[in-house]
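# Inside the fold
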Amino acid sequence: MSILADAVTSMARNRDAVLLYTLLGTGVTTIKRIGDLVMAVLLSLPPESYVLRTYQFGMDLFLAIAYAAVSALAFTRMGRELDKPLWKVADDREALRRFFLPWLLIILSFLTLMRVLDKAALWDPEHSAVVLLQFLYFAVFLLSVPVGACIMFSGEFAWHTLLEALAPLVHQLPKAIAVIFINFIAFAAHLAVIDLLVRYPEWRAKLWLMALVD
């Protein structure tokens, strides 16, 4: 499909922005992995302990803030090249001012849903609410980046123009489906990795491997 071929070409034209996104994203997840290993070594606490819950909350907040900044910066730099001369975001400071908040809300929603799903699955894996949460998790995984991209393309985040900003997902449905399909492939890979980590839990102690997986 032409949109996917264009995407590959666009990534090649924006190597610096792609590299920025990859390196910063890897750095963020590596910090998280190091924190997890330190907590595992220093503390042998039950999963519901106050210390572990506080650590998880703090780490989730760190991930949301860091990835929101990375997404706003890297995608703005891509947009500057892909949408010239219409793209009018002057620099990184302006990018963060306009787009940090929507990405923060998207990523926080994703992390919150993931934590609620984890808790619900532990409480009663057969409950109907777990199925609903799994569907929502799947939908957010598929739509988070397209939604963020639509908001950025509109120029600035505002609640009263949100539906208008998201309209391309409906008006350009075949192209939107092509993009969502890529996220579906990523979701399948995500599940495959989780399955491997369940089968081989010793892999989680290999920091280099987990950073590469991330």
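Every value quoted in this text rests on a predicted model; they were computed, and no experiment measured them.

### Brief notes about the overall build of the protein
Helices and strands together make up the secondary structure of the protein, namely nine helices and zero strands. For a compact globule of 214 residues, the expected C-alpha radius of gyration is about 17 Å, and the protein comes in at 19 Å, within 12% of that figure. A principal-axis box enclosing the C-alpha atoms of the protein has dimensions of 55 × 35 × 35 Å. When burial is assessed residue by residue, the protein has 33% of its 214 residues classed as buried. Sequence-distant contacts in the protein: of pairs separated by 6 or more residues, those separated by 24 or more amount to 66%. Here the protein displays about 13700 Å² of accessible surface, and carbon together with sulfur accounts for 71% of that area. Considering the protein, the positive charge centre built from 18 side chains and the negative charge centre built from 18 side chains are found 5 Å apart.

### A look at the pattern of salt bridges
Counted according to the given criterion, the structure contains eight salt bridges. Of the charged contacts, one joins Asp 60 and Arg 115 as a salt bridge, the two residues approaching to 2.8 Å between their closest N and O atoms. Of the two residues, Asp 60 sits in helix α3 (residues 50-82) while Arg 115 sits in helix α4 (residues 92-123), which places them 55 residues apart along the sequence. In this structure, Asp 118 and Arg 115 form a salt bridge, with 3.8 Å as the shortest nitrogen-oxygen distance. A residue pair is termed a helical-turn pair when its members lie 3 or 4 positions apart in one helix, as Asp 118 and Arg 115 do in helix α4 at three residues. A single salt-bridge network, built from bridges that share partners, covers Glu 94, Arg 97, Arg 98 and Glu 156.

### A word on the nonpolar core
Phe 99, Trp 103 and Met 152 are the most contacted members of the largest nonpolar core, which has 20 residues in total. When residues of this core are traced back to their parent elements, those giving at least two are α2 (15-42), α3 and α4. Leave out the neighbours within four places in its chain, and Met 152 touches Ala 72, Phe 75, Thr 76, Trp 87, Phe 99 and Trp 103. Counting residues in hydrophobic clusters, the runner-up holds nine residues, among them Leu 117, Ala 120, Phe 141 and Phe 187.

### Quick word on a nonpolar patch on the surface
On the surface, a cluster of nonpolar side chains totalling about 400 Å² of accessible area is made up of Ile 34, Val 38, Val 41 and Leu 42. Residue classification places Val 41 among the exposed residues on the basis of a relative accessible area of 70%.

### Comments concerning the side chain of Arg 98
Within the secondary structure layout, Arg 98 lies in helix α4. Relative accessible area serves as the criterion here: at 17%, Arg 98 is assigned to the buried category. Aside from chain neighbours lying at most four places away, what touches Arg 98 is Lys 88, Val 89, Gly 155, Glu 156 and Phe 157.

### Some details on the environment of Ser 144
In this fold, Ser 144 is placed in helix α5 (residues 128-154). Taking the C-alpha atoms as reference points, Ser 144 and Ile 107, separated by 37 residues in sequence, lie 7.9 Å from one another.

### Quick look at α4
Spanning 32 residues, α4 covers 44 Å between terminal C-alpha atoms, matching the ideal 46 Å at 1.5 Å per step. The sharpest bend along α4 comes to roughly 50°, located at Phe 99, with the proline Pro 102 sitting one to four residues further on. One side-chain oxygen of the residue at the start of α4 lies 3.3 Å from the amide nitrogen of Arg 93, identifying that residue as Asp 91.

### Considerations on the environment of Val 193
As for its position among the elements, Val 193 is in helix α8 (residues 173-199). C-alpha of Val 193 to C-alpha of Val 213: the two residues are 20 residues apart in sequence and 7.9 Å apart in space.

### Topic: the packing of α2 against α3
For any two helices packed against each other, one specifies the crossing angle of their axes together with the interaxial distance. Following both chains from N to C, one finds α2 and α3 inclined at 175°, their axes separated by 9 Å at the closest point. Between α2 and α3, the angle falls in the class roughly antiparallel. Per-class residue counts for the contact of α2 with α3 are 21 nonpolar, four polar and three charged.

### Re the packing of α3 against α4
The contact between α3 and α4 brings their axes to 7 Å, and the two run at 140°. Classified by the angle between their axes, α3 and α4 sit oblique to one another. Crossing angle aside, the handedness with which α3 passes α4 is right-handed. Broken down by class, the residue content of the contact of α3 with α4 amounts to 19 nonpolar, three polar and four charged.

Conventions and cut-offs
Residues numbered from 1 in each chain as written. Predicted model: local features only at pLDDT ≥ 70, side-chain atom pairs only at ≥ 80, totals over all residues. Heavy atoms only, no water. Helix = DSSP H or I, 4+ residues; strand = E, 2+ residues; numbered from the N terminus. Rg over C-alpha atoms; globule rule 2.2 N^0.38 Å. Buried < 20%, exposed > 50% of the residue type's maximum accessible area, 1.4 Å probe, protein only. Contact = heavy atoms within 4.5 Å. Areas by Shrake-Rupley, 256 points an atom, 1.4 Å probe, with all protein chains shown as cover. Lys, Arg positive; Asp, Glu negative; His and termini not counted. Charge placed at Lys NZ, Arg CZ, Asp CG, Glu CD. Salt bridge = Lys/Arg side-chain N within 4 Å of Asp/Glu carboxyl O. Core = buried A, V, L, I, M, F, W, Y, C linked by side-chain atoms within 4.5 Å. Patch = residues over 30% accessible without salt bridge, like charges linked within 9 Å, V, L, I, M, F, W, Y side chains within 5 Å. Expected span 1.5 Å × (residues − 1). Bend = angle between axes of the 7 residues up to and from the residue. Polar contact = N/O pair within 3.5 Å; in protein donor to acceptor, adjacent residues only side chain to side chain. Axes fitted to C-alpha atoms, helices over the stretch in contact; angles between N-to-C directions. Parallel < 35°, antiparallel > 145°, perpendicular 65-115°, else oblique. Nonpolar A, V, L, I, M, F, W, Y, C, P; charged D, E, K, R; others polar. Left-handed = near helix turned anticlockwise from the far one by under 90°.

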